[in-house]
Amino acid sequence: MKTTAYSKAAGLTLLLVLAFIAGWELYWRHENYVLSYNDDESLWASKRKLIYQSSPARPVLIGSSRIKFDLDLSTWERITGQKPIQLSMVGTSPRPMLTDLGNDKNFKGTVLIDVTEGLFFTPTGSFPEKEAINRVTAYPKWSLSQQISFQINRILEANFLFLDAERLALNPLLNLLPIPTRPGAWGGPKFPPEFAVIDIDRQTKMTDAFVADTAIQNKVKAVWLDIGAHSPKQAIAGPPLLEILNSTKQSVDQIRARGGQVVFIRTPSDGPFRQIEKQMFPRELYWDRLLAHTQTPGIFFEDYPALTGFQCPEWSHLTPKDAIRFTEDLIPIIEKKMSRSIPRSSSSPTKKNSSSL
């Protein structure tokens, strides 16, 4: 009798759990949410594992959020036949990853480094480097069980919205509640969930809802202003800046000594965001000095008519549509900077070089 009762209870519990999960999934689909992968340590590690396949046609991308939005991986693959290896991280300095690539004696590929001045030129070990350091440190410890779990999760995440931990877990949902901030406290930026989604290649894209709705775009603009209000008002200078330049040069030299190539890229920004960047990080003191100190080629979007004229809906990133055109126009400029051609896909017509080159 007791066994029968327990079986019925277990069955009823299972039924209720499945009904709740199905209802939760259907609710978010009804709200027009789209699938997005969790950009966690395992997803990053799965790309870090590929760096030894890097070539000019398949560069390693390190940087912050801009190159995750602005360089369209599918467009690059359509043109070259290979997809770049995306290691960039949102809100993070790429320098710990550059150090990692420089110290890896087996890496001799091509690196494109996205430079967002407010994140790149920050003190060594400071907050913008924290998550990048965590990923680089955790990668050698990526266990077999974690890799198996990742392979299972990637199948589930490709089919179920409710597994989106970055938007639909308890903490991000609580952040949406209109609770006033306690005086003197700051809980960090709170982006609207419609802002962007992430695919299995770690490509970040604005959602259709975000691109179409200026009210949501204004929410992200307000987030940038909020971050600015809680950020240092003076850019790094003097010996700490020289330390950054020296450590960057060391890593670049290590990669080049093994036959690799490095190109710095400054992707578009506009509006008040760009004005603040100009004031805090004058080009001649930061970008120009970075290229001169490291003796490395760089592409600054404002130098090329083909890379200007884009409008960032929230001042800092390109729409998916503009990312396609930006990528198409960026490839021939990279070729010129590297003084070598990037192989083209046999199924892709060779794009005529831009007249801006």
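Refer to the preceding data block for the structure.
Procedures and definitions
Residues numbered from 1 in each chain as written. Predicted model: local features only at pLDDT ≥ 70, side-chain atom pairs only at ≥ 80, totals over all residues. Heavy atoms only, no water. Buried < 20%, exposed > 50% of the residue type's maximum accessible area, 1.4 Å probe, protein only. Helix = DSSP H or I, 4+ residues; strand = E, 2+ residues; numbered from the N terminus. Pairing = 2+ DSSP bridges. Expected span 1.5 Å × (residues − 1). Bend = angle between axes of the 7 residues up to and from the residue. Phe/Tyr/Trp six-rings, centres within 6.5 Å; stacked < 30°, edge-to-face > 60°. Lys NZ or Arg CZ within 6 Å of the ring centre and 35° of its normal. Salt bridge = Lys/Arg side-chain N within 4 Å of Asp/Glu carboxyl O. Core = buried A, V, L, I, M, F, W, Y, C linked by side-chain atoms within 4.5 Å. Contact = heavy atoms within 4.5 Å. 1 Å grid on protein atoms, 1.4 Å probe; cavity = no way out; pocket = protein on both sides within 12 Å on 5 of 7 lines; lining within 4 Å. Points joined across faces, edges and corners; volume = space filled by probe spheres on them. Nonpolar A, V, L, I, M, F, W, Y, C, P; charged D, E, K, R; others polar.

A. Here's a closer look at the pairing of strand β3 (residues 110-114). Across the five residues of β3, five count as buried, placing the element largely inside the fold. Side chains T110, L112 and D114 of β3 all project onto a buried face; the interleaved residues V111 and I113 project onto the opposite face, where all are buried too. Sheet topology note: the β3/strand β6 (residues 261-266) ladder contains five bridges and is parallel. If you follow V111 over to β6, its bridge partner there is V262.

B. Local environment of helix α16 (residues 320-338). With 19 residues, α16 should cover 27 Å at 1.5 Å per step; its first-to-last C-alpha distance of 26 Å lies within 8% of that length. Along its length, α16 reaches its greatest deviation from straightness, about 25 degrees, at L330, and the proline P332 lies no more than four positions downstream. Backbone geometry just downstream of α16 places S339 in the positive-phi region, at approximately 55 degrees.

C. Highlighting the pairing of β6. By the criterion of burial, β6 is predominantly enclosed, with six of the six residues buried. Of the two faces of β6, the one lined by Q261, V263 and I265 and the one lined by V262, F264 and R266 are each fully buried. As defined by bridge partners, β6 adjoins strand β7 (residues 298-300) across three bridges and the pair is classed as parallel. Along β7, the bridge assignment pairs R266 with F300.

D. Examining the packing of aromatic side chains more closely. For the structure on display, the rule yields 20 aromatic pairs. Relative to F162, the ring of F160 has its centre 5.7 Å away and its plane inclined at 55 degrees; by these criteria the two rings are tilted. Residue F160 is classed as partly exposed on the basis of its relative accessible area of 36%. Taking the centre distance of 5.6 Å and the plane angle of 20 degrees together, the rings of F191 and F195 count as stacked. If you follow R66 out to its NZ or CZ, it ends over the ring of F273, 5.1 Å from the centre. Geometry around F300 places R283 over its ring, the cationic atom sitting 4.3 Å from the centre.

E. Examining the pattern of salt bridges more closely. For the coordinates displayed, the defined rule picks out 23 salt bridges. Note that D253 and K249 form a salt bridge whose closest N and O atoms lie 2.7 Å from each other. Here D253 and its partner K249 are both found in helix α13 (residues 238-257), four residues apart, which amounts to about one turn of the helix. D253 serves as the salt-bridge partner of R256, at 3.3 Å between the closest nitrogen and oxygen. With R256 and D253 both in helix α13 and three residues apart, the pair spans about one turn of that helix. Counted as one network, the salt bridges with shared partners bring together R66, E117, R266, R274, E277 and E302.

F. Region of the structure containing the nonpolar core. One finds I62, I113, F121, F264 and I334 to be the most contacted residues of the largest nonpolar core, which totals 64 residues. Here this core gets six residues from one element, more than from any other, and that element is α16. Contacts of I62, omitting those with residues within four sequence positions, involve L87, S88, P94, M97, L98, L101, V111, L112, I113 and D114. Membership of the second largest hydrophobic core comes to nine residues, among which are F69, F195, V220 and W224.

G. Structural view of the layout of surface pockets. Size it by volume and the second largest pocket reaches roughly 170 Å³. Every residue lining the second largest pocket is listed: E31, N32, Y33, V34, R167, P193, E194, T207, D208 and A209. Classifying every residue of the lining of the second largest pocket gives four nonpolar, two polar and four charged.

H. Just helix α5 (residues 95-103), in detail. The element α5 is extensively covered by neighbouring structure, given that seven of its nine residues are classed as buried. Elements in contact with the buried residues of α5: α2 (41-48), β1 (60-62), β3, α6 (117-120), α7 (127-138) and α13.

I. Local environment of the sheet that holds β6. Pairing within the open sheet is parallel, and its five strands lie in the order β2-β1-β3-β6-β7. Each edge of the open sheet carries a strand with a single partner, namely β2 (85-86) and β7. Relative to β3, β1 runs parallel, the two being bridged by three bridges. Pairing of V60 across the sheet is with V111, part of β3.

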